[in-house]
Amino acid sequence: MASPDRKRKILELHGFRCVYCAEVWPPEELTVDHVEPRVKGGDHSEGNLVACCAACNREKAGLAAWSFLASRPVQRANFLLHARWVWPRLRRAVEEAV
Ligand SMILES: [Zn+2]
């Protein structure tokens, strides 16, 4: 992942709240998650990065957010509420996932 400053900036943008479980965590409990995984072409832009707690990050693993959220309605609603800086096309993919 990028520099500590950049990580901090992404976490601040999200108010230190995990976009998947909607809990606020201390910074050391948070990671920066790629909505669209690197291996699937996702980049390091702010539109592809969200705050994610360690537990949610383990559960999501290498999945794209829309694949992870397709079977998790609560987390999906949290994501749509809290991941406000996500690129529109990624947000649409989450909205349309079933
Ligand atoms: Zn979480």
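Below is a short write-up of the structure. Since the structure is predicted, the reported quantities are computational estimates derived from the model, not experimental observations.

Of regular secondary structure, the protein chain possesses five helices and two strands. Start at the N end of the protein chain and walk to the C end: the helices and strands fall as α-β-β-α-α-α-α. Expected size for 98 residues packed as a compact globule is a radius of gyration near 13 Å; at 12 Å, the protein chain falls within 12% of this value. With the C-alpha coordinates aligned to their principal axes, the bounding extent of the protein chain is approximately 35 × 25 × 20 Å. Relative to its 98 residues, the protein chain shows a buried fraction of 32%. When contacts within the protein chain are restricted to residue pairs at least 6 apart in sequence, those whose partners lie at least 24 apart make up 63%.

In this structure, Cys18, Val19, Val50, Ala51, Cys52, Ala65 and Phe79 are the most contacted members of the largest nonpolar core, which totals 23 residues. Elements supplying a minimum of two residues to this core: helix H1 (4-13), strand E1 (30-34), strand E2 (49-53) and helix H3 (65-69). Top element by residues in this core is E2. It accounts for five residues. In contact with Val50, other than residues within four places in its own chain, are His14, Val19, Asp33, Val35, Ala83 and Val86.

Counting buried positions along E1 gives four out of five residues, so the element sits mostly inside the fold. Here E1 pairs with E2 via five bridges, running antiparallel. Bridging from a neighbouring strand, Asp33 pairs with Val50 of E2.

Now for the pairing of E2. The element E2 is extensively covered by neighbouring structure, given that five of its five residues are classed as buried. Burial of the side chains of E2 extends over both faces: Leu49, Ala51 and Cys53 are buried on one face and Val50 and Cys52 on the other.

How each quantity is defined
- Residues numbered from 1 in each chain as written.
- Predicted model: local features only at pLDDT ≥ 70, side-chain atom pairs only at ≥ 80, totals over all residues.
- Helix = DSSP H or I, 4+ residues; strand = E, 2+ residues; numbered from the N terminus.
- Rg over C-alpha atoms; globule rule 2.2 N^0.38 Å.
- Buried ≥ 20, exposed ≤ 12 C-beta atoms within 10 Å, placed from the backbone.
- Contact = placed C-beta atoms within 7 Å.
- Core = buried A, V, L, I, M, F, W, Y, C linked by C-beta atoms within 7 Å.
- Pairing = 2+ DSSP bridges.

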